[in-house]
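Overview (structure and organization)
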Amino acid sequence: MKKRFQISESVEIGIVLALAGGFMDAYSYICRGKVFANAQTGNILLFGVNLSSGNFKEALQYALPVGAFALGIILSDLVRNRIKSVSLLHWRQISSAFEIAILFSVAFFSQKYNLPANCLTSLACGIQVESFRKIHGNGIATTMCIGNLRSAMESISDYCFNKNRKSLRKGFLYLSVILFFVLGAVAGNFFVKLIGERAIFICCIILLISFFMMFIDRDKACKEN
């Protein structure tokens, strides 16, 4: 008997969220002073480098987004454990709605306010990475790639040694998420060059798609077909 997964753990939503994840990182890096929204390892590294060089102001612009990202994780857990659901909305939809609202506000920050803009974007990324952690039961991140790359190679290696077809499918799933993350970054670069700070509106549209996709009842749809 096949295990049923929530629509929020579907491949389709994972791909859409990976697009948004790549878009956010490209947006913050290209448009907001070369700070990462998702890649907090990079921010922590640059914080340390600037701190050791005595560039305390520059160090701060990397440290605060890391704190905002961590806060986003806490907020996501708060929604899951305390709010859970409101009427027809699943807790992940509530988290997604918060994320969209936060990113929508970022579009109105001028270049003069890149630090709060980056903090808000990282806050949104923290919400997403904690709210959407699985695709078909597999632990997959939609806002970063290093863990996905490790899991992809591990799965493909398992197939090469043990001829486990399930591992091969899992490996390609991880690689597909990475691919769409890259496509999101490409889109982010394109729209930043086209409309500047307002480019984040496109990311909001992408996230809205995933928000409405979570209303789909797959079992009901299958019965109707």
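Structure: above.
The shown structure was predicted, so the numbers you read here are calculated from the model rather than taken from an experiment.

Reading guide: rules and limits
Residues numbered from 1 in each chain as written. Predicted model: local features only at pLDDT ≥ 70, side-chain atom pairs only at ≥ 80, totals over all residues. Heavy atoms only, no water. Helix = DSSP H or I, 4+ residues; strand = E, 2+ residues; numbered from the N terminus. Buried < 20%, exposed > 50% of the residue type's maximum accessible area, 1.4 Å probe, protein only. Contact = heavy atoms within 4.5 Å. Salt bridge = Lys/Arg side-chain N within 4 Å of Asp/Glu carboxyl O.

Topic: the environment of A124
Here A124 lies in helix α5 (residues 114-131). You can call A124 buried: its relative accessible area is 0%. Note: C-alpha distance between A124 and K34 (90 residues apart in sequence) is 18 Å. A124 has contacts with E99, I102 and L103, leaving out every residue within four places of it along the chain.

Observations concerning the pattern of salt bridges
Under the counting rule described, the total for this entry stands at 4 salt bridges. With its nearest N and O atoms 3.9 Å apart, the salt bridge here joins R80 to E130. Within this pair, whereas R80 is found in helix α3 (residues 56-83), its partner E130 is found in helix α5, the two being separated by 50 residues in sequence. With a relative accessible area of 24%, R80 lands in the partly exposed category. Note that E154 and R150 form a salt bridge whose closest N and O atoms lie 3.5 Å from each other. Highlighted residues: E154 and R150, both in helix α6 (residues 146-162), separated by 4 residues, approximately one helical turn. In the salt-bridge network here, residues are joined through shared partners; they are D77, R80, E130 and R133.

Things to note about unusual backbone geometry
Outside of glycine, negative phi angles account for most residues, and trans bonds account for most peptide bonds. One non-glycine residue, K34, lies in positive phi territory at about 60°. Within the secondary structure, K34 sits in the loop between α1 (11-31) and α2 (40-52). Judged by its relative accessible area of 49%, K34 is partly exposed. Unusually for a residue other than glycine, K163 sits at a positive phi of about 55°. Structurally, K163 can be placed in the loop between α6 and α7 (165-195).

Everything listed here is a matter of geometry and, on its own, says nothing about what the molecule does.
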